[in-house]
Structures are given as C-alpha cells and as structure tokens.
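# Breakdown of the fold
Listed below, chain by chain, are the residues.
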Amino acid sequence: MMNIKLLKRIVMTVLFLVAFYITFAFITNVSAVHLEYGSSSNRVGSEKFSIPMLEQPQRDIALSKKRLNHQQATTRYISSQQIEGPKTLEEAIDFEQYPSTTVTATGYTAGIESTGKSPDHPEFGTTYSGVQVKRDLYSTIAADLSVYPIGTIMYIPDYGYGVVADKGSAIQGNKIDLYYPTVEDVYEKWGKKQVEVYIIKKGDGSLTEEALQDLNETESLQVFRDQVRKG
C-alpha cells in the first residue's frame, strides 16, 4: 500500500516538473521574440522579421526620390536664365555713381570732311595727343581741353567709353566729338545729340598708345568689346 502511494507521488512530481518546464519554455520563447522584434537590428532569414524587412525597399525608393528632387532643383538653379549676365555696359556698371554733365555730342572721322587731312597725309588719323584715332571699347574723342584735359575718360550712353585725345576749333565748352571710322557711320549711328555723359576720370593732359591699349584690353569688359565696335 505504501509503495502505491509513493509511486503516485513520484508520477505527480514528474508531471508537475514537466508541466513547469513546458510553461517556462513557452514564456521564455515569447519574451525573446518580443524583445527581438522590438529591437533595431533585423536578422535576415527569420520569418519573425518579414514585416520590418519589407520596409527597406520603401526607404530606398524614398531616398531615390530625394536624390531626384535634389538633381532637379540643382538643374533649375544653374539654368541659362540664372547664369545669364548683363547684355550691355549700362547693365553691368552703375554709372550713376559718377558725376555727370550734359553736352552736345557730334561725330567726326579722320578724313578731309572733319580734319582736312587725306589718307596720304603723314598725320592722317593722328590725334592731338599723338595716339591714333580708334573706335573700340575705349574710343578716341575730341573735347575742349580747358574743360576736359587730354586723358579724360567719360562714358557716353549709346556710344561707350570715350577718352579725350583730340581737340577741334569748333569744339568749345560743353561740346565733344565722337570718332567713327566713316562718314556713313557718323550719320547713321550718331549725328548730333544732346546727351548726359558720366565723367569717369579727369585726365592729366597726357595719353599714350600703351595706356589706350591697356584700357581696351580690360579683361572684365571684353564681353562688350565687339558690341561697342559694331555700335
């Protein structure tokens, strides 16, 4: 009788231990899964992490869209409208910063009609300052030297920069003469005008070919040089 009771106790103890072990194992497994699922690391190959792994392609697509948007924004920023520079000297330089005065401006040439000299004259095309007449980024002009000494630089709207290099008997007071290569140019491109000019620099009475060449080769203004020559 005692043996039967002992055997029952042993069986009950074993069943209890088995049940306890199964319960412990089940609880431990759930906790582990819960902790791993909530962590930031996703290990490839586990079915438990199939949902987090599906988020990766979505992130890649989002990043691709961001890169594409950035490229499009950059393209718009460096478009031709953004980098287009000033088209004229008036747009490039604020001439209002210089003193101005209103003058009567006429055009002249190096020929007989303006100077009385023909092309075979030894001084044909030579100004009072000694430099040759020039229509360029900085052109030679004539003025009253008591008002605007040789070497004076002024800006004349619709003509460009002018450097006083010559004088004339009819050029007195606030009058200037603008050089053009031909008579046709004088009539077609200028004629006679009342114009407000800007005094960039007062001359010291001297002008050399080297100084005039340096002005015409001003690097920052080369983009306008052909425009002035044709104007």
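Now for a quick tour of the structure. Keep in mind that what you see is a predicted model, and the values were worked out from it rather than measured.

### Notes on the overall build of the protein chain
Tallying secondary structure elements over the protein chain gives eight helices and six strands in all. Ordered by position from the N terminus, the helices and strands of the protein chain form the series α-α-α-α-β-α-β-β-β-β-α-β-α-α. Considering the protein chain as a whole, with its 231 residues, one finds that 28% of them fall into the buried category. The long-range share in the protein chain, meaning contacts at least 24 apart out of those at least 6 apart in sequence, stands at 69%. For the protein chain, the exposed area adds up to about 15,800 Å²; of that, 57% sits on carbon and sulfur atoms.

### Quick look at the nonpolar core
With 40 residues, the main nonpolar core has Leu89, Met154, Ile156, Tyr161, Ile176 and Leu178 as its most contacted residues. Elements that contribute at least two residues to this core include exactly strand E1 (100-108), strand E2 (138-143), strand E3 (153-156), strand E4 (160-166), strand E5 (175-179), helix H6 (183-190) and strand E6 (192-201). Ignoring sequence-local partners within four residues, the contact set of leucine 89 consists of Phe95, Tyr155, Tyr161, Leu221, Phe224, Gln227 and Val228.

### Some remarks on the side chain of aspartate 144
One can find aspartate 144 in the loop between E2 and E3. In this structure aspartate 144 is buried but unpaired, with lysine 167 as the nearest side chain of opposite charge at 9.1 Å. Here serine 146 takes part through its side chain, which lies 2.7 Å from a polar atom of the side chain of aspartate 144. Setting aside residues up to four positions removed in sequence, aspartate 144 forms contacts with Ile171, Gln172, Gly173 and Lys175.

### Quick look at the pattern of salt bridges
Within the structure shown, the criterion is met by five salt bridges. Across the pair arginine 229 and aspartate 136 runs a salt bridge, and its minimum N-O distance is 3.2 Å. Here the residue arginine 229 occupies a position in helix H8 (residues 225-230), and aspartate 136 occupies one in the loop between helix H5 (112-115) and E2, the gap between them amounting to 93 residues. Accessibility expressed as a relative area gives 39% for arginine 229, which makes it partly exposed. Arginine 229 is paired through a salt bridge with aspartate 226; the nearest N and O atoms lie 3.6 Å apart. Remark: aspartate 226 and arginine 229 occur in helix H8; sequence separation between them is three residues, near one turn of the helix. We classify aspartate 226 as partly exposed; its relative accessible area is 46%. Members of the salt-bridge network, linked through shared partners, are Asp136, Arg225, Asp226 and Arg229.

### Focus on the sheet that holds E1
Within the closed barrel, the six strands sit side by side as E1-E5-E2-E4-E3-E6. Their pairing is mixed. The mean angle between the axes of side-by-side strands here comes to 45°, regardless of whether they run parallel or antiparallel. Across four bridges, the pairing between E3 and E4 is antiparallel. What sits directly across from methionine 154, in E4, is glycine 162. The sheet contacts of H6 involve E1, E3, E5 and E6, and relative to E1 the element is tilted by about 140°.

Reading guide: rules and limits
- Residues numbered from 1 in each chain as written.
- Predicted model: local features only at pLDDT ≥ 70, side-chain atom pairs only at ≥ 80, totals over all residues.
- Heavy atoms only, no water.
- Helix = DSSP H or I, 4+ residues; strand = E, 2+ residues; numbered from the N terminus.
- Buried < 20%, exposed > 50% of the residue type's maximum accessible area, 1.4 Å probe, protein only.
- Contact = heavy atoms within 4.5 Å.
- Areas by Shrake-Rupley, 256 points an atom, 1.4 Å probe, with all protein chains shown as cover.
- Core = buried A, V, L, I, M, F, W, Y, C linked by side-chain atoms within 4.5 Å.
- Lys, Arg positive; Asp, Glu negative; His and termini not counted.
- Salt bridge = Lys/Arg side-chain N within 4 Å of Asp/Glu carboxyl O.
- Polar contact = N/O pair within 3.5 Å; in protein donor to acceptor, adjacent residues only side chain to side chain.
- Pairing = 2+ DSSP bridges.
- Axes fitted to C-alpha atoms, helices over the stretch in contact; angles between N-to-C directions.

None of this, on its own, says anything about what the molecule does.
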